[in-house]
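Take a look at the letters that make up each chain.
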Amino acid sequence: MIAESAAPEDISIQTEKGSPSTSGRFSIFTVTMILLCAAAPALNIAWITATVGTDNVSNDYLSYAHLIDSILNGTYNLASLVPDTFYRGHATTLPFLAHLASARWFHGSVMPELYLGLLLGALRLALWFDACRACAARGSSHRNGDGQPLFLLPIMALLVFSCSQISLYTYSGATLPIGLSLFGQALAIWGLARLGTGNAGVAVAATGGLISAYSWGNGPITWLIIVVYYLAAAFGSKRFHPGRFAAILIGGAIAAIPYVMSLFTASGSTGAIDPAKTLLSFFNTRVIVELLGWAFARDIATHTDHLRAASFAGIGGLVLGGLGLAIAFARYRKSAFSLLAIPLILIFSGLLTVYQVSLVRALLAPWYATLAISFWAGLAALAAFLITDRTRTGKPLLIASRIWSAVFLVFLGGIYFSSNTTFEDKTYMLNARAPVSVSSLARARSAPTYADQYVFLWTPGAPSLLQKLSAMLERHALIPFGPEQTTWLQGDFLFDAVRVSGAGDAPIPYFTDDARAAGKSVPFWDYHLLDLVLPPRNKISWTVTVPAEATSCFFETDILATPATGNKAFKILVNGEEARDTGVDLVSFRGRQVTIDLDFENGVRGEAPVILSKPRLILKTSGPAARESEWLPENTEFGGSDPSPPLVSALPLDKGWSSDRGAITQTEGSLRLLGPAEYKHPLLDTPPAGELGCLLVELRAPSSMNNRLVVVELETEDGVRPDREFNLPFLGSEDFHIYRYDLKLLGLERQVKLRSLSLKTLDPGSDITIRRLGFTGK
């Protein structure tokens, strides 16, 4: 064992007489407070996981949905499971099996997967901490010590459960592969540190290595750590055991099977790729530095590189880490490996993982903030040991080690608390777990062409993918088609099912995440569950179909605020009949449509609004119903509304347009868009927003376009806002089709005027012909 690699007489350091133990003496109160401090960040992340967002799948589910479909149908050959779950350089067999278990036993819910991720994080924390204590206690020359001090635990907890890790705990596409892989790595390290290099330690390490290798792409690094640790311990103690080392090599060979297979496999069903084609640079310094500091930067949800805070933290970590290691090796000399084996392994496992990513990635995703955490945890363990260890070498080295430890811990605290007080800026994948994401999947057969962007958070332009995923989920009664379903008015706001009407000068209804600050407007597509603010002289109508197989169906909300006269003026109507309560039993409408009106049209001008808490429909069914799977997008002529409504404000297509490409192809009655380019037209004599219903465009786009869409931007007299820019994808057809976009989704006040309209094409092969463009009436 590493602990035996240096006997007490080999260590040229002495323990101070009468010095306290390494961990110090703690009262029950102190221990309790330290444990509470360690629990606090974990409880914070657990609360966010349980309460923010909805139960919905997203991007990566599409990659293995066909496998789940085949397995649940009983038509899949399990012999192909390992190669079929090798995804873009990652062997993800174990995460896939967890997804399959959720589909079989939890109707595809992501919540059990996320709760498993929390458990894996807690176990990783416990294994890291106990491994550090075991290593320090065994290798210490003063046997009265317990190893690492207890105050290291809350420091590690702050790192493992920092807000920068929120993607790991709220996005199952990262939770399972990264979480399982890092847990396996921690288990391997703990097994060797706590159980030694005997049979038990090697068995646990090999188990952890296999878990890591069959979960995510850093499995090879885990096996490298196991081999190096074993060899260092064996040769240091002169107790090399060929049989145990052979067992480690056999385990490593089993772990390498999917990675070797991928070298001889063309792009597979889940996206296996040729590693040689992804190699960016043998040593990409910028990516290494930024990835080391990625967990200590704000706005990693909206940036992929060039964050100064990340570079500052990364450079600081490398400089301070190198200095700390130099001091440690100078102070302990040969015994540094036995005293600090686990902190060293954590440091270098983080560095190796970061280096591995830098070989194939130029841009960073939010969940990559997890990959360098072991580096920082190792440095924290090193600092905690150096600052509390009572062994004596020379006074300058003793002072230097304590000064370094204090400086590093202050630096770590500074970069941590300057960046990890919020989580919203650390993830964008929660946007796929918004109420509108649930509605988009559940209503996929009539979903508008722009609905896919609320489920798949990549460049839109392939809306048919939404229907493919939805059909598979519906076949097996998986989320959101399970036996218990919740639909929010906030999510259905995307569809024609929700209509807004009201006086032309009345403020528009909107959503908010703070009922106490009713003036704060939040977009309907936000992933928080929002309250509805309904100003007087407005009505919102929500039309839903109660399935014939429903066993219960309730409309639920609570009135959070109402003006004095609002008690009488505000009404909830169900198919025109006033409801007696804010909770309405709709099961009697089985097999029929029902319209719920939230009616405040008789409110007094200028009066305070009615605020309704998360209006929602809670449905339980006896089983899935057989339904047609044909996609008839409601924003096209295939939808149920008027296929070609008249325009109240038509834009001329043969004059008035400008382009950043210069020449514009305009013929009588048509406009041709070539891309990528931006085309802009001033809006003259256009009615106020309150008199407009939809933007309508009739066009033809070739199926050969990769990104079949235009980005529409509306400039208003009160300026341009990001939510006034939207994507309008097209069908894959050579024929002319009509596409509509409901302006209610933009939150334009009724009196606001439009100044200009811009159309941006993204695809280099764009060749779009428009023969009708303008706005419909309400």
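Calculation notes
- Residues numbered from 1 in each chain as written.
- Predicted model: local features only at pLDDT ≥ 70, side-chain atom pairs only at ≥ 80, totals over all residues.
- Heavy atoms only, no water.
- Helix = DSSP H or I, 4+ residues; strand = E, 2+ residues; numbered from the N terminus.
- Rg over C-alpha atoms; globule rule 2.2 N^0.38 Å.
- Buried < 20%, exposed > 50% of the residue type's maximum accessible area, 1.4 Å probe, protein only.
- Contact = heavy atoms within 4.5 Å.
- Areas by Shrake-Rupley, 256 points an atom, 1.4 Å probe, with all protein chains shown as cover.
- Lys, Arg positive; Asp, Glu negative; His and termini not counted.
- Charge placed at Lys NZ, Arg CZ, Asp CG, Glu CD.
- Expected span 1.5 Å × (residues − 1).
- Bend = angle between axes of the 7 residues up to and from the residue.
- Pairing = 2+ DSSP bridges.
- pLDDT = per-residue confidence, 0-100.
- Patch = residues over 30% accessible without salt bridge, like charges linked within 9 Å, V, L, I, M, F, W, Y side chains within 5 Å.
- Salt bridge = Lys/Arg side-chain N within 4 Å of Asp/Glu carboxyl O.
- Axes fitted to C-alpha atoms, helices over the stretch in contact; angles between N-to-C directions.
- 1 Å grid on protein atoms, 1.4 Å probe; cavity = no way out; pocket = protein on both sides within 12 Å on 5 of 7 lines; lining within 4 Å.
- Points joined across faces, edges and corners; volume = space filled by probe spheres on them.
- Core = buried A, V, L, I, M, F, W, Y, C linked by side-chain atoms within 4.5 Å.
- Phe/Tyr/Trp six-rings, centres within 6.5 Å; stacked < 30°, edge-to-face > 60°.
- Lys NZ or Arg CZ within 6 Å of the ring centre and 35° of its normal.
- Parallel < 35°, antiparallel > 145°, perpendicular 65-115°, else oblique.
- Nonpolar A, V, L, I, M, F, W, Y, C, P; charged D, E, K, R; others polar.

Colleague: Please clarify how the overall build of the protein chain should be interpreted in this entry.
Modeller: Tallying secondary structure elements over the protein chain gives 21 helices and 28 strands in all. For the protein chain, whose C-alpha radius of gyration is 30 Å, the value lies close to the compact-globule estimate of 28 Å for 778 residues. Over its C-alpha atoms, taken along the principal directions, the protein chain stretches across nearly 95 × 60 × 55 Å. Within the protein chain, the fraction of its 778 residues that count as buried is 57%. Sequence separation of at least 24 residues holds for 78% of the intrachain contacts in the protein chain that already meet a minimum separation of 6. Carbon and sulfur atoms provide 59% of the accessible area of the protein chain, an area that totals close to 31500 Å². Distance between charge centres in the protein chain, computed from 62 positive and 63 negative side chains, equals 10 Å.

Colleague: I would appreciate a short explanation of unusual backbone geometry in the present structure.
Modeller: Of all residues except glycine, most have a negative phi; of all peptide bonds, most are trans. Cis peptide bonds are those with omega within 30 degrees of zero, and the linkage from isoleucine 479 to proline 480 qualifies with 5°. Relative to the helices and strands, proline 480 resides in the loop between helix 19 (464-475) and strand 5 (484-488). Positive phi, normally seen in glycine, also occurs at aspartate 685, with a value near 60°. Looking at the secondary structure, you find aspartate 685 in the loop between strand 22 (677-682) and strand 23 (692-701). Given a relative accessible area of 78%, aspartate 685 falls into the exposed group.

Colleague: Teacher, can you tell me more about helix 11 (residues 242-262) here?
Modeller: What sets the pattern is the α-helix's 3.6 residues per turn: residues three or four places apart point alike. The end-to-end C-alpha distance of helix 11, which contains 21 residues, comes to 30 Å, matching closely the 30 Å that a straight helix rising 1.5 Å per residue would cover. The principal kink in helix 11, of about 40°, is found at alanine 256, preceding the proline proline 258 by one to four residues. Among the residues of helix 11, Phe245, Ile248, Gly251, Ala255, Pro258, Tyr259 and Ser262 are the ones counted as buried. Lining the buried residues of helix 11 we find helix 3 (81-84), strand 2 (86-87), strand 3 (90-91), helix 9 (199-213) and helix 10 (219-237).

Colleague: Quick question: what am I supposed to make of the pairing of strand 23 here?
Modeller: Across a regular strand the side chains alternate sides, sitting on one face of the sheet and then on the other. Of all ten residues in strand 23, nine are buried, a share of seventy percent or more. The pairing of strand 23 with strand 28 (residues 767-777) spans seven bridges and is classified as antiparallel. The partner of leucine 699 across the bridge, within strand 28, is isoleucine 770. Summarising the sheet, strand 23 and strand 26 (residues 733-742) pair through seven bridges and their orientation is antiparallel. In the strand pairing of strand 26, cysteine 694 is matched with aspartate 742.

Colleague: How do you make sense of the confidence of the model for the protein chain when you look at a structure like this?
Modeller: Close inspection of predicted coordinates is inappropriate for parts of the model with low pLDDT. Averaged over all residues, the pLDDT of the protein chain is 87; the fraction at 70 or higher stands at 91%. Low pLDDT, under 50, characterises residues 267-277; the stretch is placed with 20 contacts to residues that sit more than four places away or in other chains.

Colleague: Which parts of the structure should I look at to understand a nonpolar patch on the surface?
Modeller: On the surface, Ile250, Ile254, Ile257 and Met261 cluster together to form a nonpolar patch covering roughly 330 Å² of accessible area. Along the polypeptide, methionine 261 turns up in helix 11. Exposure remark for methionine 261: the relative accessible area of 32% places this residue in the partly exposed category.

Colleague: What's the story with the sheet that holds strand 16 (residues 610-612) in this structure? I'm lost.
Modeller: Hydrogen bonds along the backbone pair up the strands of a sheet, which may run parallel or antiparallel. The four strands are arranged 7-8-16-11 in an open sheet whose pairing can be described as antiparallel. Strand pairing shows two members of the sheet lacking a second neighbour, strand 7 (510-512) and strand 11 (559-561), which therefore form its edges. With strand direction ignored, the average angle separating the axes of adjacent strands in the sheet is 35°.

Colleague: Help me understand empty space enclosed by the protein, please; the structure alone is not making it clear to me.
Modeller: Over the atoms rolls a probe the size of a water molecule, and in doing so it shows where empty space is left. Inspection of every chain in the model, using the stated rule, returns six cavities of 30 Å³ or more. In this structure, the largest cavity occupies an estimated 80 Å³ of space. Lining the largest cavity we find 13 residues, and of these Asn56, Val57, Ser58, Tyr171 and Ser172 sit closest to its centre.

Colleague: In this structure, what is going on with the nonpolar core? I would like to understand it.
Modeller: Taken as a class, soluble globular proteins show a tendency for nonpolar side chains to be buried jointly. With 220 residues, the main nonpolar core has Tyr61, Met156, Trp376, Leu586, Leu598, Ile770 and Phe775 as its most contacted residues. The residues touching tyrosine 61, leaving out its near neighbours within four places in the chain, are Ile68, Ala103, Leu469, Leu473 and Leu478.

Colleague: What's the story with the packing of aromatic side chains in this structure? I'm lost.
Modeller: Aromatic rings considered in pairs are described by the distance between their centres and by the relative angle of their planes. The final tally for this structure, using the stated rule, is 27 aromatic pairs. Taking 5.3 Å as the distance between ring centres and 50° as the angle between the ring planes, the aromatic pair formed by tyrosine 171 and tryptophan 367 counts as tilted. In this pair, tyrosine 171 is assigned in the loop between helix 7 (166-170) and helix 8 (172-195) and tryptophan 367 in the loop between helix 15 (341-360) and helix 16 (373-388), connecting sequence segments 196 residues apart. Residue placement shows lysine 744 over the ring face of phenylalanine 493; its charged tip is 5.1 Å from the ring centre. The lysine or arginine in question, arginine 771, covers the ring of phenylalanine 736, its NZ or CZ lying 4.0 Å from the ring centre.

Colleague: Looking at this structure, I do not really get the packing of helix 1 (residues 28-51) against helix 6 (residues 152-160). What am I missing?
Modeller: For any two helices packed against each other, the geometry comes down to the angle between their axes and how far apart the axes lie. Relative orientation of the contacting elements helix 1 and helix 6 amounts to 5°, with a least axis distance of 8 Å. The orientation of helix 1 relative to helix 6 falls into the category roughly parallel. Counted together, Ile34, Leu35, Cys37, Ala38 and Pro41 of helix 1 and Leu153, Pro154, Ala157 and Leu158 of helix 6 form the full contact between these two elements.

Colleague: Which parts of the structure should I look at to understand the pattern of salt bridges?
Modeller: Taken as a whole, this structure holds 21 salt bridges when the rule is applied. With a shortest N-O distance of 2.8 Å, aspartate 742 and arginine 499 are connected by a salt bridge. Of this pair, aspartate 742 sits in strand 26 while arginine 499 sits in strand 6 (residues 498-502), and the two are 243 residues apart along the sequence. On the basis of relative accessibility, which here comes to 5%, the residue aspartate 742 falls in the buried class. Salt bridges sharing common partners tie together Asp496, Arg499, Asp742 and Lys744.

Colleague: Help me out: how do you make sense of the layout of surface pockets in this one?
Modeller: By volume, the second largest pocket amounts to about 1200 Å³. For the second largest pocket, the lining is made up of 45 residues, of which Ala442, Arg443, Gln485, Thr487 and Leu619 are closest to its centre. Listing elements by their share of the lining of the second largest pocket, those giving two or more residues are helix 18 (435-442), strand 5, strand 9 (538-545) and strand 17 (616-621). Ranked by residue count, the leading element in the lining of the second largest pocket is strand 5, at five residues. A class-by-class count of the residues in the lining of the second largest pocket yields 20 nonpolar, 15 polar and ten charged.

Colleague: When you look at the packing of helix 10 against helix 11 in this model, what are you seeing that I'm missing?
Modeller: Where helix 10 meets helix 11, the closest approach of the two axes is 10 Å, and the angle between their N-to-C directions is 170°. One way to sum up the angle between helix 10 and helix 11 is to call them roughly antiparallel. Contacts between helix 10 and helix 11 involve Gly219, Pro220, Trp223, Ile226, Val227, Tyr230 and Leu231 from the first element and Arg244, Phe245, Ile248, Gly251, Gly252, Ala255 and Tyr259 from the second. Grouping the amino acids of the contact of helix 10 with helix 11 by side-chain chemistry returns ten nonpolar, three polar and one charged.

Colleague: Looking at this structure, I do not really get the side chain of threonine 222. What am I missing?
Modeller: Relative to the helices and strands, threonine 222 resides in helix 10. The residues touching threonine 222, leaving out its near neighbours within four places in the chain, are Gln185, Ala188, Gly209 and Ser212.

Colleague: So what exactly am I meant to see when it comes to the environment of alanine 548 here?
Modeller: Within the secondary structure, alanine 548 is located in the loop between strand 9 and strand 10 (550-556). If we skip the residues at most four places from it in the chain, alanine 548 touches Arg590 and Gly591.

Colleague: Just to check I follow, could you spell out the environment of glutamate 725 for this structure?
Modeller: In this fold, glutamate 725 is placed in strand 25 (residues 725-729). Overall, the relative accessible area of 35% leaves glutamate 725 in the partly exposed class. In this structure the C-alpha to C-alpha distance between glutamate 725 and leucine 714, which are eleven residues apart in sequence, comes to 6.4 Å. Contact partners of glutamate 725, with chain neighbours within four places excluded, come to Val711, Val712, Glu713 and Lys760.

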